[in-house]
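Overview (structure and organization)
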Amino acid sequence: MDKLSSLAKFKTSCPFLGRTKSSTLRTLCTSASSRFPTLTRLTEKATECPVMGPALAMRSGQMVAGYASVAGNADVNKIHQANGVVLSSDDIGKCPHASKALAAARMADELSAAKRRSDAIKAARVAHEPSTSKAGASVASGCPFHAAQASTSTPAAKPKPATSGFDYEQFYASELQKKHDDNSYRYFNNINRLAAKFPVAHTANPKNEVEVWCANDYLGMGNNPVVLETMHRTLDKYGHGAGGTRNIAGNGSWHLNLEKELAALHRKPSALVFSSCYVANDAALATLGSKLPDAVYFSDSSNHASMIQGIRHSGAKKVIWKHNDLGDLETKLQAWPKETPKIIAFESVYSMCGSVGPIKEICDLAEKYGAITFLDEVHAVGLYGPRGAGVAEHLDYEAHKAAGNSPDPIPGTVMDRVDIISGTLGKAYGAVGGYVAGSAKFIDMIRSYAPGFIFTTSLPPVTVSGAHASIVYQKTYNGDRQLMQWNVREVKKRFADRGIPVVPGPSHIVPVLIGDAAQAKQASDYLLQHHSIYVQAINFPTVARGEERLRFTITPGHTLEQLEHVVAAVDDTFTTLGIKREADWQAIGGRCGVGSEIRETVTPIWNDEQLGLTGMGAVAPRTRRAGEPRKIDARAINQARKKFEGLLGPVVEQPQFAPAVNFSGLQMRTGGGNAVRNAVNVPTPRAMAATA
């Protein structure tokens, strides 16, 4: 009933099918209901129809009854014996008859639940409408099969005034319908990442595995063995929850040590950890703007929603400047007296387009016009710089490399000139949480005044320990960053060879332009259903209308075979769905840098020397092949372990192994019990490119 070919002939008689675009019907036919996984979204919608609703209920009942009446228990056993099937109660699903019966029963249950839900919603609406013939009028307006019957019904009595107040449910429904009408409604896929198979996940069905190409766990640190080991050990000793807010029982050594590590990472005097970077940005910007007298925010037009909300919550004046346009920023700074407190808020890597902010030049303007700078490095920490401190560090790569892990600032460097830096623990570091780093007095002011910090439960020790281990590992080991950037270059090149339109940018973000909201959703669904590739469609308001896209994130964990697969799959998707390629955009004048008459020259942030491609002993990072283990750095593991000896004690190695020679048998303690029973094996480190 959900096939478009079957639906087309009913368009003239069904008002819903008649007014709904074929592209929307295709999406409804091919995507599962979020509430009832065995049903498509179109089937769920059909339960609301006065004709199809009862028909679906009757048909599902017939299906269940049919399976139940095919054979008695003895007959089923004979069928099993004749086909050599031996079943127990645990594997009844092996029987085709039983498994289909179970599936039919589940579908019948969900159809019934969907029908009850739609009936309840209708009843709620009817309760707020004038009485008498409202049911007949509703049917007549919604379905032509009932129109004749409704027209001959008894004339309606004079409607009674409504006795109830505001119709909240109707309001919610109308707001949601607006999102459906402009194709900006957000769909949430059921994706469950598998630690042992990164970057593979399973869908709602654990047997249905897909490749993930849009996760923000950029370096795969969510399953790094020393991170997991540290978390297991912390969980065994300290339990799960934090126990309270930072001010009440939730302020432990774990939190304080992490903040010290983050301050050292950015070579700032102090740092403060929040439950997420959305909260960090919101709380810090709102507090700063509300406390500075007559403050004015200068906000990049492409700033993240968390920054926009923080500025709005501050109550301070706001001036928006064109994205990365230094001329526009300076013009707007000039309009305000130098003594007026001014905050320039911007990002290093803009996650939806892949552009990079001109950090050094913005610092120049800030000094010239008496402003301070607030830099969001959320999509850059862990990924840029010799220690992973972000783009601000990367701009003075050699200076920071030479300084090593000293917490002291390097005067004159870009990172030192930035006043406030915000970052996340939930992307490259594979955990959850956010933070801000800056001067000691600034951090203490935020700690003392920000409601988003004061009145929320602090992060659990197990989460904090995993994030801390991840930061230490990435400060020590540069190889993951290099391999990720190499893989990004390779995918961008292969997309370009096939005319796949990638929005140009110097960062690791790979935004593939679609240019239509419905088509972006179709492309995402097609890749998932036909190629087992999960990449989320990005629509308005995250991006401008007409600039809808698929945003790919490439990791060091993707194999060469997976890279080849995704390029071929995207190529097939563009062909099958008729999506515009680079040449098509060029023919109509281009959009957001794709197909422009003057082709933009983009220089990657990571240059060839930093990737180890030039100089003595130059070797390109090697993309791993299918079946090969992830590259794990032994020195980084040891550095991470040392950080936690004071709280967790040393990790005891098994005496039969020789870590200095061969790490293939290295056992990682995950708890306080028997080392062998609770151990996690660390794959053997392999020869690789210079790690700078």
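Source: prediction; values computed, not measured. (Residues numbered from 1 in each chain as written. Predicted model: local features only at pLDDT ≥ 70, side-chain atom pairs only at ≥ 80, totals over all residues. Heavy atoms only, no water.)

Some details on the overall build of the protein chain
Regarding its fold elements, the protein chain presents 28 helices and 16 strands. For the protein chain, the proportion of its 692 residues judged to be buried stands at 47%. Once local pairs closer than 6 in sequence are excluded, the contacts in the protein chain between residues at least 24 apart make up 70%. Working note: accessible area of the protein chain is about 32500 Å², and carbon and sulfur atoms make up 56% of it. (Helix = DSSP H or I, 4+ residues; strand = E, 2+ residues; numbered from the N terminus. Buried < 20%, exposed > 50% of the residue type's maximum accessible area, 1.4 Å probe, protein only. Contact = heavy atoms within 4.5 Å. Areas by Shrake-Rupley, 256 points an atom, 1.4 Å probe, with all protein chains shown as cover.)

Side note on unusual backbone geometry
The omega torsion of the bond from Phe 198 to Pro 199 falls at 5°, within 30 degrees of zero and hence cis. Structurally, Pro 199 is set in the loop between strand 1 (192-193) and strand 2 (200-202). Going from Phe 540 to Pro 541, the amide bond is cis rather than trans, its omega being 10°. Relative to the assigned elements, Pro 541 resides in the loop between strand 13 (537-538) and strand 14 (549-553). Not every positive phi belongs to a glycine, and Arg 267 is a case in point at roughly 55°. Within the secondary structure, Arg 267 sits in the loop between helix 12 (253-265) and strand 4 (270-274). At Asp 294, a position not held by glycine, the phi torsion is positive, near 55°. Structurally, the position occupied by Asp 294 is in the loop between helix 13 (277-291) and strand 5 (296-300). By relative accessible area, which is 60% here, Asp 294 ends up exposed.

Brief notes about the packing of helix 13 against helix 20 (residues 440-449)
The interhelical angle for the contact between helix 13 and helix 20, taken along N-to-C directions, is 100°, at an axis separation of 10 Å. In terms of their interaxial angle, helix 13 and helix 20 are classed as roughly perpendicular. Every residue of helix 20 that contacts helix 13 at Ala 284, Thr 287, Leu 288 and Lys 291 is listed here: Phe 442, Met 445, Ile 446 and Tyr 449. Residues of the contact of helix 13 with helix 20, tallied by class, amount to 6 nonpolar, 1 polar and 1 charged. (Axes fitted to C-alpha atoms, helices over the stretch in contact; angles between N-to-C directions. Parallel < 35°, antiparallel > 145°, perpendicular 65-115°, else oblique. Nonpolar A, V, L, I, M, F, W, Y, C, P; charged D, E, K, R; others polar.)

Some thoughts on the environment of Cys 14
You can see Cys 14 is positioned in the loop between helix 1 (4-7) and helix 2 (15-19). Cys 14 gets classed as partly exposed once you look at its relative accessible area, which sits at 23%. Note: C-alpha distance between Cys 14 and Cys 49 (35 residues apart in sequence) is 9.9 Å.

So, the sheet that holds strand 7 (residues 342-347)
Taken in spatial order, the 7 strands make up an open sheet running 4-10-9-8-7-5-6, and their pairing is mixed. The open sheet has two free edges, formed respectively by strand 4 and strand 6 (317-321), since each of these has just one partner strand. Strand after strand, the sheet turns through a mean of 20° between neighbouring axes, direction not considered. Contacting strand 4 and strand 10 (434-438), helix 12 crosses the sheet at an angle of about 125° to strand 4. (Pairing = 2+ DSSP bridges.)

Topic: a nonpolar patch on the surface
A contiguous nonpolar surface patch, about 460 Å² in accessible area, is contributed by Phe 166, Tyr 168, Phe 171 and Tyr 172. Note that Tyr 168 resides in helix 10 (residues 168-181). (Patch = residues over 30% accessible without salt bridge, like charges linked within 9 Å, V, L, I, M, F, W, Y side chains within 5 Å. Salt bridge = Lys/Arg side-chain N within 4 Å of Asp/Glu carboxyl O.)

Some words on the sheet that holds strand 1
Across a sheet, paired strands are connected by hydrogen bonds in the backbone, their directions being either parallel or antiparallel. Pairing is mixed across the open sheet formed by 4 strands, whose spatial order is 1-2-3-12. Both outer strands of the open sheet, strand 1 and strand 12 (533-534), are each paired with one neighbouring strand and no more. The sheet contact formed by strand 3 (residues 209-212) and strand 12 spans 2 bridges and is parallel. The partner of Val 212 across the bridge, within strand 12, is Tyr 534.

Structural notes on the pairing of strand 11 (residues 509-513)
For strand 11, the buried fraction is high: 5 of the 5 residues fall into the buried class. Side chains Ile 509, Pro 511 and Leu 513 of strand 11 all project onto a buried face; the interleaved residues Val 510 and Val 512 project onto the opposite face, where all are buried too. Examined bridge by bridge, strand 11 and strand 14 share 5 bridges and lie antiparallel to one another. When the bridges of strand 14 are listed, Pro 511 appears paired with Arg 551.

Some words on helix 11 (residues 225-238)
For helix 11, which comprises 14 residues, the first-to-last C-alpha distance of 20 Å matches the rise-based estimate of 20 Å (1.5 Å per residue) to within 8%. For helix 11, the set of buried residues is Pro 225, Val 226, Val 227, Glu 229, Thr 230, Arg 233 and Thr 234. The residue sitting at the N-terminus of helix 11 and contributing the capping side-chain oxygen is Asn 224; that oxygen lies 3.0 Å from the backbone nitrogen of Val 226. (Expected span 1.5 Å × (residues − 1). Polar contact = N/O pair within 3.5 Å; in protein donor to acceptor, adjacent residues only side chain to side chain.)

Here we look at empty space enclosed by the protein
Throughout the structure, instances matching the rule amount to 4 cavities of 30 Å³ or more. Approximately 90 Å³ is the volume attributed to the largest cavity. In terms of lining residues, the largest cavity is bounded by Arg 246, His 255, Val 273, Phe 274, Ser 275, Gly 452, Phe 453, Thr 456, Thr 457, Ser 458 and Leu 459. Elements with a minimum of two residues in the lining of the largest cavity: strand 4 and helix 21 (451-454). Partitioning the lining of the largest cavity into residue classes produces 4 nonpolar, 6 polar and 1 charged. (1 Å grid on protein atoms, 1.4 Å probe; cavity = no way out; pocket = protein on both sides within 12 Å on 5 of 7 lines; lining within 4 Å. Points joined across faces, edges and corners; volume = space filled by probe spheres on them.)

With respect to the packing of aromatic side chains
Applying the stated criterion across every chain, the model contains 10 aromatic pairs. Relative to Tyr 172, the ring of Phe 171 lies with its centre 6.3 Å away and its plane at 65°, an arrangement referred to as edge-to-face. For the ring pair Tyr 397 and Trp 606, a centre distance of 5.8 Å and an interplane angle of 75° mean the geometry is edge-to-face. Of the two residues, Tyr 397 is situated in helix 18 (residues 397-403) and Trp 606 in the loop between helix 26 (582-587) and helix 27 (634-643); the sequence distance between them amounts to 209 residues. Relative accessible area serves as the criterion here: at 4%, Tyr 397 is assigned to the buried category. (Phe/Tyr/Trp six-rings, centres within 6.5 Å; stacked < 30°, edge-to-face > 60°.)

As for the pairing of strand 10
The buried fraction of strand 10 is high, at 5 of 5 residues. Direction of pairing for strand 4 relative to strand 10: antiparallel, over a ladder of 5 bridges. Within the sheet, the bridge partner assigned to Val 273 lies in strand 10 and is Tyr 435. Pairing geometry for strand 9 (residues 420-424) and strand 10, over 4 bridges, is antiparallel. Bridge pairing links Thr 424 to Gly 434 in strand 10.

Description of the pattern of salt bridges
For the structure shown, the criterion picks out 26 salt bridges. We note a salt bridge from Arg 545 to Asp 182, for which the minimum N-O separation is 3.4 Å. Within this pair, whereas Arg 545 is found in the loop between strand 13 and strand 14, its partner Asp 182 is found in the loop between helix 10 and strand 1, the two being separated by 363 residues in sequence. Here Arg 545 falls in the partly exposed class, since its relative accessible area comes to 43%. Asp 182 sits in the partly exposed class, given a relative accessible area of 28%.

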